[in-house]
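# Structural overview
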Amino acid sequence: MTFTAVLAGCGAMSRGWLSALAEHPLLAGRVEVVGLVDLDRATAEARAAEFGLSAAVIGTDLDAVLAETKPDLLFDVVIPAARQGVVETGLRHGCHVLSEKPMAATLEAGRQLIAAAKAAGRVHAVVQNRRFISGVRRIRRLIESGALGELTALHCDFFIGAHFGGFREQMENVLLLDMAIHTLDAARFMAGVAPKAVYCLETNPKGSWYGHGAAANAIFEFDEGVVFNYRGSWSAEGANTSWESAWRIIGTRGTLIWDGGETFDARVAVDGPGLLRDAVAMDVPAPADIEQTHGHASVLAEFLDAIEQGRAPETASTDNINSLAMVFAAIESARTRQRVTISV
Ligand SMILES: NC(=O)c1ccc[n+]([C@@H]2O[C@H](COP(=O)([O-])OP(=O)(O)OC[C@H]3O[C@@H](n4cnc5c(N)ncnc54)[C@H](O)[C@@H]3O)[C@@H](O)[C@H]2O)c1
């Protein structure tokens, strides 16, 4: 079937959504964009022209465009501060809603949106595209296979000197809320066990061009004794990591090192005498499902599949709130300088 959709928020990220919808084989012919909304009309008009959407209704008032177009879907690509109102408006018009991350600007807002989607009987999901990549899927498979033994720890480094301009430079807790949400979600997915508690130190390093929270060090306790150690900064110049971070993942038999790109080094120890054990290299399996490795296109396809099949998508808000809760617990820990229990 072909779904009709309105997209709200025609800024930088909307190009990624519209390109995926227009070009990706997973999405061919599945969605007709019937409306584009932005507070700045010229921004929406420019996107419509760029993607040849001459028949789409253009507007600055989401409510009015939804009333006119009556779409099946609302694609929410607005800034986080506007998210709650936009999602609630979409649900009120009977749309299934797919939002950009973060799912909400507060945990309470996240809970309210889950309740609103349930009351409306509509699918509500989040673009957590950085779990839909080959490396993350391969690591999940490796951990599940038990080849590293039982998982004990994940360590990750995210260091990128990113000069975005725009809303991020004024945003509170910018690294944790706008970026670490991806990394924390990926860790939760790869580990396959639930986060329980966190200790976090959040800083805005000397020389930072952000207003608040451009760096964080957070230690998460997961179920089954697994520890996840996150170190990140958006104002670290000179030696950028991958956007996926650089990882060291340790099990009872061995370790996987992943550079966040194409390089994996997995080794397991062999029995022997002496202080240090030899280690032998091991293959990291291919992703179980290649269709889940295409970022935004995979999230969008999963959202459409779930609606068609009457099931919850992988990044349903009811699950994604567990990643949001990791972020807000880290923020709370940094504020109170205490260990904080993670609960939704
Ligand atoms: N998943 C990813 O990898 C990824 C990457 C970048 C950004 N994002 C997310 O995408 C979202 C948008 O980010 P961006 O970089 O495109 O920001 P942006 O500032 O470039 O664009 C946001 C647009 O939303 C519009 N807008 C704001 N409030 C609105 C409202 N109430 N109704 C309609 N339009 C409204 C603004 O006018 C602006 O044009 C954010 O949540 C961001 O975190 C996700």
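Residues numbered from 1 in each chain as written. Predicted model: local features only at pLDDT ≥ 70, side-chain atom pairs only at ≥ 80, totals over all residues. Heavy atoms only, no water.

If you check helix α5 (residues 107-120), its first and last C-alpha atoms are 20 Å apart, about what 14 residues at 1.5 Å a residue would give, namely 20 Å. Turning to α5, its buried residues number three or more, namely L107, A109, G110, L113, I114 and A117. Buried residues of α5, viewed axially, fall in a sector of 155 degrees; they line one side. Looking at the packing, one finds that the buried side of α5 touches α4 (83-92), β6 (124-127) and α9 (317-336). (Helix = DSSP H or I, 4+ residues; strand = E, 2+ residues; numbered from the N terminus. Expected span 1.5 Å × (residues − 1). Buried < 20%, exposed > 50% of the residue type's maximum accessible area, 1.4 Å probe, protein only. Arc of directions from axis to C-beta. Contact = heavy atoms within 4.5 Å.)

Moving on to the side chain of R168. Here R168 lies in the loop between β7 (151-159) and α7 (174-191). A residue is classified by how much of its surface remains accessible, and R168, at 18% relative accessible area, is buried. Every residue in contact with R168, bar those within four places of it in the chain, is listed here: V174, D178, Y210 and W234.

Here the bond from K101 into P102 is cis, since omega is -10 degrees, no more than 30 degrees from zero. One non-glycine residue, S245, adopts positive backbone phi at about 80 degrees. Looking at where S245 falls in the secondary structure, it is placed in the loop between β10 (227-233) and β11 (246-251). Judged by its relative accessible area of 0%, S245 falls in the buried class.

Among the 22 residues in the neighbourhood of the ligand, the closest are listed as M13, D38, K101, N129 and D178. Between an oxygen atom of the ligand and a side-chain N or O atom of D38, the distance comes to 2.6 Å. Contacts to the ligand include D178, whose side-chain N or O atom sits 2.9 Å from an oxygen atom. Burial of the ligand by the protein amounts to 82% of the accessible area it has alone, namely 850 Å². When grouped by side-chain class, the residues that make up the shell around the ligand number ten nonpolar, six polar and six charged. The residues that make up the shell around the ligand include at least three from each of domain 1 (3-122) and domain 2 (133-287 + 324-341). (Near = heavy atom within 4 Å. Polar contact = N/O pair within 3.5 Å; in protein donor to acceptor, adjacent residues only side chain to side chain. Areas by Shrake-Rupley, 256 points an atom, 1.4 Å probe, with all protein chains shown as cover. Nonpolar A, V, L, I, M, F, W, Y, C, P; charged D, E, K, R; others polar. Domains from an automatic or database assignment.)

Parsing the protein chain into structural domains produces domain 1 (3-122) and domain 2 (133-287 + 324-341). Using only C-alpha atoms to locate each centre, domain 1 and domain 2 end up separated by 30 Å. Every contact between the two is made by nine residues of domain 1 and, on the other side, nine residues of domain 2. For the pairing of domain 1 and domain 2, the buried interface totals around 750 Å² over both sides, and the portion due to carbon and sulfur atoms is 79%. Of all residues in domain 1, K101, P102 and L107 bury the most surface against domain 2, accounting for 57% of the area lost on that side. At the junction of domain 1 and domain 2, the tally comes to one salt bridge. Between K101 and D178 there is a salt bridge; the shortest N-O distance is 3.3 Å. Seen at the junction of domain 1 and domain 2, the total is one residue pair in polar contact (both at pLDDT 80 or more). (Buried area = accessible area lost by both parts, 1.4 Å probe. Salt bridge = Lys/Arg side-chain N within 4 Å of Asp/Glu carboxyl O.)

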